[in-house]
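# Residue-level structural notes
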2 protein chains.
Amino acid sequence: MAHPLPDVDDTSGLCEQGRDLIRDVLARVGDKWSVVVICQLGDTSRRFNELRRMSEPITQRMLSATLRGLERDGLVTRTVHDTKPPRVDYALTPRGFSLLEIVRALAGWAEDNAAGIVDSRTAFDAR
Amino acid sequence: MAHPLPDVDDTSGLCEQGRDLIRDVLARVGDKWSVVVICQLGDTSRRFNELRRMSEPITQRMLSATLRGLERDGLVTRTVHDTKPPRVDYALTPRGFSLLEIVRALAGWAEDNAAGIVDSRTAFDAR
DNA sequence: CCGTATCCTTGCAGATACTG
DNA sequence: CAGTATCTGCAAGGATACGG
């Protein structure tokens, strides 16, 4: 196991420790579809095509891959009901819900700073 | 300005409104180098090659692009000192600092859940 | 020292078609 | 309904070289 930076200064706090895994988590949050799916599962469990419709224009392939990734990290559960037309339910785990909280905080920040960011961009581009 | 989704249901709360911009912000957080740079600027301002060394193995190209993106969004400032060897300082803006807070919260969550996630992955892969 | 310009590879994601 | 398989493009990013 590679030691995560036995570096001289640790002035950056949390951001320096466990770099790999943290980047992993950040990547998931940065992933377009993961966040969308997590948000949609925030209220109740959903079925595959239900998520597909809600997350348009996601492709089947991407939804499938996204869900498998989330399941792998223990963020969602996949429950197969052996009914006549097959039915699969996806739901957030406790860990998934705790991530949802953070994502919502981030979304809140984005909303609060949206106008300012747009202004900054306009100013920057006008040059 | 485009209205942020005059959609039918808003069951997912914040995650549904202003989708485009929010995804933009999330993408920045998910971006490998942006977070690293923001964290390194958390304590004090830094010079270009200083950031370059601290963020290894980032390439010049990527650091340049990352910094320009952050500057464009008003997250960092770029200050050129007209000294004999050219010197450029990058620093976090107030907006940058406020994002740093969120990123640190996210990093904290990652640390708290690191072990659990690794376990989930191992269990998932062992099948 | 602080970048930009160019080339070139790679991996991600869309489209499409098919299976249990 | 709930996915997997294959093929293909396209753009992000590494390597390298050069300019202010």
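Residues numbered from 1 in each chain as written. Chains lettered and ligands numbered in written order. Predicted model: local features only at pLDDT ≥ 70, side-chain atom pairs only at ≥ 80, totals over all residues. Heavy atoms only, no water.

Labelled according to an unreviewed UniProt entry, chain A appears under the name Winged helix-turn-helix transcriptional regulator, originating from Sphaerisporangium aureirubrum.

Moving on, we come to helix α2 (residues 32–40) of chain B. Most of α2(B) sits inside the fold, with seven of its nine residues counted as buried. Residues Trp33(B), Ser34(B), Val35(B), Val37(B), Ile38(B), Cys39(B) and Gln40(B) constitute the buried set of α2(B). (Buried < 20%, exposed > 50% of the residue type's maximum accessible area, 1.4 Å probe, protein only. Helix = DSSP H or I, 4+ residues; strand = E, 2+ residues; numbered from the N terminus.)

Once that is clear, we can look at the pattern of salt bridges. One pass over the structure, following the stated rule, counts 12 salt bridges over all chains. In this structure, Arg121(B) and Asp24(A) form a salt bridge, with 2.7 Å as the shortest nitrogen-oxygen distance. A residue pair is termed interchain when its members come from two chains, as with Arg121(B) in helix α5 (residues 94–125) and Asp24(A) in helix α1 (residues 19–30). Given the relative accessible area of 34%, Asp24(A) is considered partly exposed. The partner of Arg121(B) in a salt bridge is Asp73(A), with the nearest N and O atoms 2.6 Å apart. Highlighted residues: Arg121(B) in helix α5 and Asp73(A) in the loop between α4 (60–72) and β2 (76–81), drawn from two different chains. (Salt bridge = Lys/Arg side-chain N within 4 Å of Asp/Glu carboxyl O.)

DNA strand D sits among 17 residues. The nearest are Gln60(A), Ser64(A), Arg78(A), Tyr90(A) and Arg61(B). The sugar-phosphate backbone supplies 61% of the atoms of DNA strand D found within 4 Å of the protein. Pro86(A) is positioned such that a nitrogen or oxygen atom in its backbone is 3.2 Å from a sugar or linking oxygen of DNA strand D. A distance of 3.3 Å separates a phosphate oxygen of DNA strand D from a polar backbone atom of Val88(A). Sorting the residues of the surface near DNA strand D by element identifies α3 (48–54), α4 and β3 (87–92) of chain A together with α4 (60–72) of chain B as the ones contributing at least two each. If one sorts the elements of the surface near DNA strand D by residue count, α4(A) sits on top with four residues. (Near = heavy atom within 4 Å. Polar contact = N/O pair within 3.5 Å; in protein donor to acceptor, adjacent residues only side chain to side chain.)

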